[in-house]
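# Fold and contact review
Letter by letter, the chains look like this.
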Amino acid sequence: MHISSRFRALAAGAALLAAGAIAQAQTTQQQPALPNVMILATGGTIAGAGASALNSATYAAAKVGVEKLIAGLPELSKVANVKGEQVFQVASESMTNEHLLALAKRVSQLARQPDVDGIVITHGTDTVEETAYFLTLTVHTDKPIVMVASMRPGTALSADGALNLYDAVAVAGSKDARSKGVLLTMNDTIQSGRDVSKNVNIVPSAFSSQWGPLGMVVEGKNYWFRAPVKRHTMNSEFDIEQITALPPVEIVYSYAGVSATALDAVAKSGVKAIIHGGPGNGSVADRIVPRLQAAREAARS
Ligand code: GLU
């Protein structure tokens, strides 16, 4: 390149850089305020701790408090103003109906606050899908409610909780996550609380839905693939504000060779309803049909 044209090119480059700096300064000034996200902590592996970095499957769940979780992830302050609240500290296999009611009522209360833009709930993986479904049916809000969990405790090599939590806060603070029902962020995916399940007991990719994820979250940005059209949250017939207790209901599972032992025991226990978990399209074994009918008659009389 000739020396003067090279100089012109450098000068043009410098001018572009200066213009870029001004544009960046203006962008910084015009940045909208960060959303306010509340993290409700309930326990689980995401709050778990193991004896060594190699303990990815043997550890104690529900040990680390929410303030420590937040303090360990300073990146959260880049995507939201975050506050934490320790609602419970349990391993999720021990969740009860009382826990569900208390959590749903707190979520509903927070969702009505104008200074809360989104809610994140940390949870154990074992029953996170049940809590997500319950909130999907009972909390009337269009604000993002994002469940999050982890398959490895924070003390383990390749712990997945920190990124899952960062993703959950980013999703909960985003306007495009509104009106999509309760969500779950795990392993870079955004799943629908209506249909997600834990399908593997041990890997970070344990959660999936037969309909696929709603989207992905990568570096704090959402990429949506589909949206739920089934009734949820705002349009649900259930409303946590009207529910003070859940009736006793038991599930009796069926399988090839099932006997009536469990069904008969449950039928005598005074429950208000029995759910028969049948195979296929909910089919019922010929020998179980009359026992279910008898149980219904007994409940009516
Ligand atoms: N069983 C514990 C729970 O569900 C740990 C499992 C987990 O969180 O991955 O809280």
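Notes on the structure follow. (Residues numbered from 1 in each chain as written. Predicted model: local features only at pLDDT ≥ 70, side-chain atom pairs only at ≥ 80, totals over all residues. Heavy atoms only, no water.)

So, on to the overall build of the chain. Scanning the chain from N- to C-terminus turns up 8 helices and 12 strands. In the chain, buried positions account for 41% of the 301 residues. When contacts within the chain are restricted to residue pairs at least 6 apart in sequence, long-range pairs at least 24 apart make up 69% of them. Entry remark: accessible area of the chain is about 16400 Å², with carbon and sulfur atoms responsible for 56%. (Helix = DSSP H or I, 4+ residues; strand = E, 2+ residues; numbered from the N terminus. Buried < 20%, exposed > 50% of the residue type's maximum accessible area, 1.4 Å probe, protein only. Contact = heavy atoms within 4.5 Å. Areas by Shrake-Rupley, 256 points an atom, 1.4 Å probe, with all protein chains shown as cover.)

Here we take up helix α5 (residues 128–138). With respect to burial, α5 is a largely interior element, 8 of its 11 residues being buried. Turning to α5, its buried residues are Val128, Thr131, Ala132, Phe134, Leu135, Thr136, Leu137 and Thr138. Among the structural elements, α4 (97–111), β3 (118–122), β4 (145–148), β5 (182–186) and β8 (207–208) are those in contact with the buried residues of α5.

Around the ligand sit Gly44, Thr45, Ala61, Ala91, Ser92, Glu93, Gly124, Thr125, Asp126 and Ser150, and that is every residue in its neighbourhood. Glutamate 93 places a side-chain nitrogen or oxygen 2.7 Å from a nitrogen atom of the ligand. Between the ligand and threonine 125 there is a distance of 2.4 Å, counted from an oxygen atom to a side-chain nitrogen or oxygen. In the complex, 91% of the free accessible area of the ligand, which totals 280 Å², lies under the protein chains. Classifying every residue of the shell around the ligand gives 2 nonpolar, 6 polar and 2 charged. (Near = heavy atom within 4 Å. Polar contact = N/O pair within 3.5 Å; in protein donor to acceptor, adjacent residues only side chain to side chain. Nonpolar A, V, L, I, M, F, W, Y, C, P; charged D, E, K, R; others polar.)

Time to look at a nonpolar patch on the surface. Where nonpolar side chains cluster on the molecular surface, the patch consists of Val249, Ile251, Tyr253 and Ile275 and spans about 390 Å² of accessible area. Ranked by the residues each element gives to the nonpolar patch, the list is headed by strand β11 (residues 249–253), at 3 residues. Secondary-structure assignment places tyrosine 253 in strand β11. The class for tyrosine 253 is exposed, based on a relative accessible area of 56%. (Patch = residues over 30% accessible without salt bridge, like charges linked within 9 Å, V, L, I, M, F, W, Y side chains within 5 Å. Salt bridge = Lys/Arg side-chain N within 4 Å of Asp/Glu carboxyl O.)

Another point: the nonpolar core. In terms of nonpolar packing, the biggest core is built from 32 residues, with Leu40, Val107, Ile119, Ile121, Leu135, Met147 and Phe207 touching the most fellow members. Ranked by residue count, the leading element in this core is α4, at 7 residues. Setting aside its immediate chain neighbours within four residues, phenylalanine 207 contacts Thr125, Val128, Glu129, Met151, Leu184, Met186, Gln191, Val196, Ser197 and Lys198. Among the nonpolar cores identified, the runner-up in size contains 25 residues, and Ile70, Ala80, Val146 and Val169 belong to it. (Core = buried A, V, L, I, M, F, W, Y, C linked by side-chain atoms within 4.5 Å.)

We now examine the pattern of salt bridges. Counted according to the given criterion, the structure contains 8 salt bridges. The salt bridge involving arginine 112 is made with glutamate 241; its shortest N-O contact spans 2.8 Å. In this pair, arginine 112 sits in the loop between α4 and β3 while glutamate 241 sits in the loop between β10 (221–224) and β11, placing the two residues 129 residues apart along the sequence. On the accessibility criterion, glutamate 241 (38% relative accessible area) is partly exposed. The salt bridge involving aspartate 142 is made with arginine 178; its shortest N-O contact spans 3.8 Å. Of this pair, aspartate 142 sits in the loop between α5 and β4 while arginine 178 is found in the loop between α6 (161–172) and β5, placing the two residues 36 residues apart along the sequence.

Consecutive residues of a regular strand have side chains that alternate between opposite faces of the sheet. With respect to burial, strand β1 (residues 36–43) is a largely interior element, 7 of its 8 residues being buried. Across 7 bridges, β1 lies against strand β2 (residues 81–90) in parallel orientation. Bridge assignment links leucine 40 to a residue of β2, and that residue is glutamate 85. Note that β1 and β3 share 5 bridges and pair parallel. When the sheet's bridge partners are listed, valine 37 is paired in β3 with glycine 118. (Pairing = 2+ DSSP bridges.)

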